[in-house]
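Working through the structure, step by step
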Protein chains: 2
Amino acid sequence: MSIPGRNINPTISVDCVIFGFSTNQLKVLLIERSFTDRSGIESKDYKLPGDFISINEDLDLAASRTLEEMTGLRDIFLCQFAVFGKPDRISNPVDMEWLLETTGLEIQRVVTAAYYSLINIGETNTDFAIKNSASWIDVKQIPKLAFDHADIIEQGLIRLQLSLRSEPIGFEMLPEKFTIRDLQILYEAILDCTLDNRNFRKKILKSSYLVQLDEKQTGVAHKPAHYYRFDRYIYEKHKKESLGFNF
Amino acid sequence: MSIPGRNINPTISVDCVIFGFSTNQLKVLLIERSFTDRSGIESKDYKLPGDFISINEDLDLAASRTLEEMTGLRDIFLCQFAVFGKPDRISNPVDMEWLLETTGLEIQRVVTAAYYSLINIGETNTDFAIKNSASWIDVKQIPKLAFDHADIIEQGLIRLQLSLRSEPIGFEMLPEKFTIRDLQILYEAILDCTLDNRNFRKKILKSSYLVQLDEKQTGVAHKPAHYYRFDRYIYEKHKKESLGFNF
DNA sequence: TTAGTTAGCGTATTTTTGACGTTAACTTTG
DNA sequence: CAAAGTTAACGTCAAAAATACGCTAACTAA
């Protein structure tokens, strides 16, 4: 049995895979990272928004905090989906150097709890993200990332796809009012497939928590669609009935 | 942003929810814990098998190690399903005292990665488990547990139920040869429901990885059933076809 | 010999899925 | 202003899956 001691514990962090949706693409919020490589050249790559936790901070709250700092949003869908704890997660010299520079500490090892969250990009409003040059990147065009953050995003996306099939979470990424088509395009982007619009409509409209509004689209070059909204109250009430879709 | 330092990091552990199956019940391996309560009386409760990780130990490997120490078994189905990181996980005086006694260290906080694993109880064979007075407890009769281990088991069971519907993992808990009825009783125990034997048979036998053996039951007071075995090779080959059942 | 048990096959009904046809209602373009 | 292009929103049909349940076979125990 190994003997634990405070001076031999890995550091713990949280990393957030923050998904958003715009211009018909599923996007992830990434932060630019500047570093000097071995040849002394200033270089850039990206990392996930994340932070170390403090000694008395709850993991879930640390994730909420990170999320709020990055997006200015609170009370957001947030789900812990995995821990990444390989001892060599941080073995790249660039990563080690960067950690030393930004924290001022020699960190041997970091175990990170990974969360994913879904937000409506339109509502995002924060200085923090701008200051840290955060940007929304299409999940299909992920650039080179720090640490094992590419793995984390991949696992997060897999988990998001799974959850989408059993829980109505897509709404978190849409504005209050949306059309069935908006929803379908979102599902297609997340599941990375195409869906038949007639069948999609049939299935999704069985959900009692989708409420049709009186309002319709205007100014579109086709028959205007009804707007709908997601009724969280009805969903909570009928949770047991709604056990997902098999697209 | 909080500042990480090695002397302010929580300790990291792994805890294993080890499921097994015997006498038609789903069971969990629990370890007896002796402690002295506030009134000075020697008392007992149970905890999950788990251990602290050492500074260079991979989380998954730490879980495998714990599992092997407890059961003597290697190469076992093992799945990380959550991290438990509330700062007050260890706030009960009994738990704090016990930690101090067994480790000799003042541990402020422990973040634990939870794994579940499925084993065939019959093959278990180890001194370690006996020495640590481990026992198989019916999941429906869980006694008072240390720390937040009751939560961990509950989450583990939920995850097991989910996985069972999409992956052929029940076999891990059965002997090499088993009948369709054995399998059904196992499914019923895990999912906590009853299934129609005719429909269960129809569904499960669609799986190509279930191979009928020539051998039949003997000495049973009814028509003897064929034995089957799970063919892991066939399963791996057809993984994509078999996308689960909806019982 | 009979009663009790589970194995293992089958049938019939309903539900869900998936593919696709069609009209309605709007804008844009020639 | 007519025609073309687009998506909305409804519906049909056949295949597949889920569900409920009947029945005979093959064994043991009493």
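Residues numbered from 1 in each chain as written. Chains lettered and ligands numbered in written order. Predicted model: local features only at pLDDT ≥ 70, side-chain atom pairs only at ≥ 80, totals over all residues. Heavy atoms only, no water.

With that out of the way, let us pick up the environment of D60 of chain B. Residue and element names in this part refer to chain B. Within the secondary structure layout, D60 lies in helix α1 (residues 59-71). The spatial distance from the C-alpha of D60 to the C-alpha of L100 is 26 Å, given a sequence separation of 40 residues. If we skip the residues at most four places from it in the chain, D60 touches L78, Q80 and Y115. A polar contact is formed between the side chain of D60 and the side chain of Y115, at a distance of 2.5 Å. (Helix = DSSP H or I, 4+ residues; strand = E, 2+ residues; numbered from the N terminus. Contact = heavy atoms within 4.5 Å. Polar contact = N/O pair within 3.5 Å; in protein donor to acceptor, adjacent residues only side chain to side chain.)

To continue, consider the environment of R109 of chain B. Tracing the sequence through the fold places R109 of chain B in the loop between α2 (93-103) and β6 (110-118). With 19 residues separating them in the primary sequence, R109 of chain B and I90 of chain B have C-alpha atoms 6.7 Å apart.

Glancing now at the protein's contact with DNA strand C. Close to DNA strand C lie 21 residues, the nearest being R198 and A221 of chain A together with R198, A221 and H222 of chain B. Close to the protein, within 4 Å, the atoms of DNA strand C belong to sugar or phosphate groups at a rate of 56%. Note that a base nitrogen of DNA strand C is positioned 3.2 Å from one of the side-chain N or O atoms of K202 of chain A. One nitrogen or oxygen atom from the main chain of H222 of chain A is found 3.1 Å from a base oxygen belonging to DNA strand C. When contributions to the surface near DNA strand C are tallied by element, the ones reaching two or more residues are α6 (197-204) of chain A together with α6 (197-204) of chain B. The leading source of residues in the surface near DNA strand C is α6 of chain A, at four residues. (Near = heavy atom within 4 Å.)

Many descriptions give the size of an interface as the accessible area lost when the pieces come together. All names here are of chain A. Parsing chain A into structural domains produces domain 1 (8-166) and domain 2 (178-237). Between domain 1 and domain 2, the C-alpha centre-to-centre distance is 30 Å. Interface area lost by domain 1 to domain 2 is led by F21, Q161 and L164, which between them contribute 55%. Our enumeration of links across domain 1 and domain 2 arrives at one salt bridge. Between D192 and K140 there is a salt bridge whose closest N-O contact spans 2.7 Å. Where domain 1 packs against domain 2, one counts two residue pairs in polar contact (both at pLDDT 80 or more). Broken down by class, the residue content of the side of domain 1 that touches domain 2 amounts to five nonpolar, two polar and two charged. (Domains from an automatic or database assignment. Buried area = accessible area lost by both parts, 1.4 Å probe. Salt bridge = Lys/Arg side-chain N within 4 Å of Asp/Glu carboxyl O. Nonpolar A, V, L, I, M, F, W, Y, C, P; charged D, E, K, R; others polar.)

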